[in-house]
Amino acid sequence: MGGYEQAYGSWQRDPEGFWRAASEGIDWDVRPETIVDHAHKPMPTWFPDGRLNTCFNAVDRHVRDGRGMQMALIYDSPVTDTVASYTYLELRDQVARLAGALAREGISRGDRVVIYMPMIPEAVFAMLACARLGAVHSVVFGGFGAEELAARITDSGAKAVICASCGIGPAGVLPYKPLVDRALDLLDGEQPTCIVFQRPEAPAELHPGRDIEWSGLLADAPVADCVPVAATDPLYILYTSGTTGLPKGIVRDTGGHAVALEWSMEAVYGARPADVYWAASDIGWVVGHSYIVYGPLLHGCTTVLYEGKPVGTPDAGAYWRVIEQHGVNVMFTAPTAIRAIKREDPHASRIAEHDLGSLRTLFLAGERCDPDTLRWASESLGRPVIDHWWQTESGWAIAANCVGLELLPVKPGSATKPVPGYAIDVLTDDGEHAAPGQQGSICVRLPLPPGFTPTLWNGEQRFVETYLAARPGYYWTADAGYYDEDGYLYVMGRTDDVINVAGHRLSTGQMEEILASHPDVAESAVVGVADAYKGQVPLGFAVLKSGVDRNPEQVTAELVTLVRDRVGPVAALKTVAIVDALPKTRSGKVLRATIRQIADGRTWSVPPTIEDAGVLDSFVELLAELGYTDSSAVSA
Ligand code: COA
Ligand code: AMP
């Protein structure tokens, strides 16, 4: 590939020609004549007359092309002390059999299937089996609880739920099936079929007449062929946090997704077929969808599925052991994982214990990467460490250092430059282009490239209102940042209620709603405050109803449990302070940004519209007591 400027320029000059060339990387049942259709503005329709099957492209075509004996999937699970691998041929057989079994249960093109499974090969088989049939999967991250799961089953209208009996964390078994049972109990109307993969560590009780055990399902099942679908058919729905409790169903279309991911593997990641590619994320997140499952398999790589943590399974050398053992060439993880390793092994002595000769590049995304963490990783590894920026909505990188095109100089703290396909502007509050160094809203000029969500499931109007209404002609990313003089983009943080906790995207708005649902709570606020380990953590405040005279510690404990139950353990809300009042403007808006600035030890000032400055003073003291900052360190 040529240089970055050359590729970006060729996309700018002829976007259709650019994506037509990229579409050659995919096997089509019907090759698209039309590359993009702008008739349904504001969103483009990519490859509208093309037909293809994503599972065929990710699995079968590699077998057809003589790569059946190449490793497709390596499962490495320190928590069960297991390493297993599957060739492309074995993967094809597993997936075709499961697809046949699902078809026998009545699952067909367009049906929705919710997958609630930990990081085990069967989760990948289940995703690919859905894709094989043209069914639409919706994977729910295991750290979410029963209510979140129920909301996703309901919104997607799932005909089946595929789950495992349990996950396994460093501390042992995490039962999944009881949560699924609770979620199914919460549903109104018809119950979906529930398919249960029994793990020997904790087999689950089955519900007669509703639950089907995985091995029984597969017994005597026929194999199913790949079903060609329209490029515009949805491949999956992935729910992500928005500003309210109602999750947003990000829809991924089939054709644009396959083309964009296949192109990205080489151009962004510099990955070649047969390379070993490891995204240490979770299949419940977009990074897992794109770069544990679809991207590496579309490109004919070997993908690593790791059921473990960066630390504690068993130690801070775990990642380096996996790289050495499986000859990983390209790795991808979240900055928080590197911070976790650095905290336990600051001098990187664990790295020296392993031969990391295979590793070419480490990519980081999912949250802002602080420059210290990036420097530590690149100095310790002696290789390029690349921060790149994207969202569940985009499905692949929006800004990156595209090493497959050209490794540009790395500037810690920057996601580097727009990826071909994306025109990114930083806009001021007045809608003007921000000057270099001036922070503003990061917006992507329409039309959006292939792979980007074309809409929200059951939420066409919400899609337009959330993303397109704020800045006509643009997709509003809800991230703030700036360009430097060299055109490098710095993504600094969200401007909405979304926070990133250990790389997990969560909604403070949703947590506020849950706190407010407690019978003793009059009003509440949750803000994301900086955390040296997890990047951000939520911090809650609650005002009790007048007349409620209860032990504050007890109420706090109930509120923490309530959020953990309703969202799931991943919410990580540990502190909820009971306060007399929340600091507000005269129009009644809670001063969340000011609370965050104080907690983070940043410069802040008393807003001129404040209702009662005394309330804010008491928050300064409270935050200092909670250990978030020294109140004397801030300037008013
Ligand atoms: N299934 C069930 N429970 C899960 C889960 C899963 N898949 N993932 C997390 N949880 C639970 C954890 O057990 C924990 O519960 P606890 O409060 O009872 O201990 C809680 O959710 C919070 O988990 P987590 O945010 O992962 O925090 P942690 O302290 O256990 O680990 C890190 C911190 C940094 C080691 C961990 O978050 C990590 O490895 N991050 C890597 C980044 C990543 O994968 N990001 C995804 C996007 S790229
Ligand atoms: P998710 O949809 O879970 O991938 O989260 C997307 C959000 O994570 C973005 O809107 C950003 O706020 C944040 N994010 C992801 N990658 C980066 C990055 N490299 N730098 C800064 N923020 C990031």
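Residues numbered from 1 in each chain as written. Chains lettered and ligands numbered in written order. Predicted model: local features only at pLDDT ≥ 70, side-chain atom pairs only at ≥ 80, totals over all residues. Heavy atoms only, no water.

1. What to know about the pattern of salt bridges
When the charged atoms of two side chains lie near each other, side chains of opposite charge can form a pair. One pass over the structure, following the stated rule, counts 34 salt bridges. Notably, a salt bridge pairs aspartate 76 with arginine 321, separated by 2.6 Å at the nearest N-O pair. Taken together, the positions of aspartate 76 in strand E4 (residues 71-77) and arginine 321 in helix H11 (residues 318-326) put the pair 245 residues apart, joining distant regions of the chain. Given the relative accessible area of 23%, arginine 321 is considered partly exposed. Salt-bridge contacts for arginine 350 lead to aspartate 315; the nearest nitrogen and oxygen are separated by 3.5 Å. One end of the pair, arginine 350, is in helix H13 (residues 349-352); the other, aspartate 315, is in the loop between strand E17 (302-306) and H11, and 35 residues separate them in sequence. Exposure remark for arginine 350: the relative accessible area of 27% places this residue in the partly exposed category. It is possible to trace a salt-bridge network through shared partners that takes in Asp27, Arg61, Arg64 and Asp65. (Salt bridge = Lys/Arg side-chain N within 4 Å of Asp/Glu carboxyl O. Helix = DSSP H or I, 4+ residues; strand = E, 2+ residues; numbered from the N terminus. Buried < 20%, exposed > 50% of the residue type's maximum accessible area, 1.4 Å probe, protein only.)

2. Overview of the site of ligand 1
Taken together, 24 residues lie near ligand 1, and Tyr176, Lys309, Pro310, Lys534 and Arg564 sit nearest. Contact distances for ligand 1 include 2.9 Å between an oxygen atom and a side-chain N or O atom of lysine 309. At 2.7 Å from an oxygen atom of ligand 1 is found a side-chain nitrogen or oxygen belonging to arginine 564. Compared with its free state, where it exposes 940 Å², ligand 1 has 79% of that area covered by protein. (Near = heavy atom within 4 Å. Polar contact = N/O pair within 3.5 Å; in protein donor to acceptor, adjacent residues only side chain to side chain. Areas by Shrake-Rupley, 256 points an atom, 1.4 Å probe, with all protein chains shown as cover.)

3. Quick look at the pairing of strand E15 (residues 248-253)
In terms of burial, E15 is a largely internal element, 6 of the 6 residues being buried. Sheet topology places strand E14 (residues 234-240) next to E15; 6 bridges connect them, and they run antiparallel. In the sheet register, leucine 238 faces E15, and the bridge partner there is isoleucine 250. (Pairing = 2+ DSSP bridges.)

4. A word on the side chain of glutamine 198
Relative to the assigned elements, glutamine 198 resides in the loop between strand E11 (193-197) and strand E12 (211-213). When near neighbours in sequence (up to four residues on either side) are disregarded, glutamine 198 contacts Ser165, Pro203, Ala204, Leu206 and Glu213. (Contact = heavy atoms within 4.5 Å.)

5. What about the nonpolar core?
Among the nonpolar cores identified, the biggest contains 123 residues, and Trp19 and Leu128 are the most heavily contacted of them. For this core, the leading source of residues is helix H5 (residues 121-133), giving 10 residues. Tryptophan 19 has contacts with Trp11, Ile35, Trp46, Phe47, Val259, Ala260, Trp263, Trp396, Pro420, Gly421, Pro449 and Pro450, leaving out every residue within four places of it along the chain. Ranked by size, the runner-up nonpolar core spans 40 residues in total, among them Val140, Val180, Cys194 and Ala572. (Core = buried A, V, L, I, M, F, W, Y, C linked by side-chain atoms within 4.5 Å.)

6. Observations regarding H5
Think of an α-helix as 3.6 residues a turn; residues three or four steps apart then line up on the same face. The terminal C-alpha atoms of H5, which comprises 13 residues, lie 19 Å apart, in line with the 18 Å expected from a rise of 1.5 Å per residue. Glycine 134 sits one or two residues past H5 and shows a positive phi near 80 degrees. (Expected span 1.5 Å × (residues − 1).)

7. Structural notes on the packing of helix H4 (residues 88-104) against H5
Remark: H4 packs on H5, axes separated minimally by 8 Å, with the N-to-C direction vectors making an angle of 65 degrees. As H4 packs across H5, the resulting crossing turns out to be right-handed. Note on element contacts: H5 touches H4 through Phe125, Ala126, Leu128, Ala129, Arg132 and Leu133, opposite Leu91, Arg92, Gln94, Val95, Ala96, Leu98, Ala99, Leu102 and Ala103. For the contact of H4 with H5, the per-class residue count stands at 12 nonpolar, 1 polar and 2 charged. (Axes fitted to C-alpha atoms, helices over the stretch in contact; angles between N-to-C directions. Left-handed = near helix turned anticlockwise from the far one by under 90°. Nonpolar A, V, L, I, M, F, W, Y, C, P; charged D, E, K, R; others polar.)

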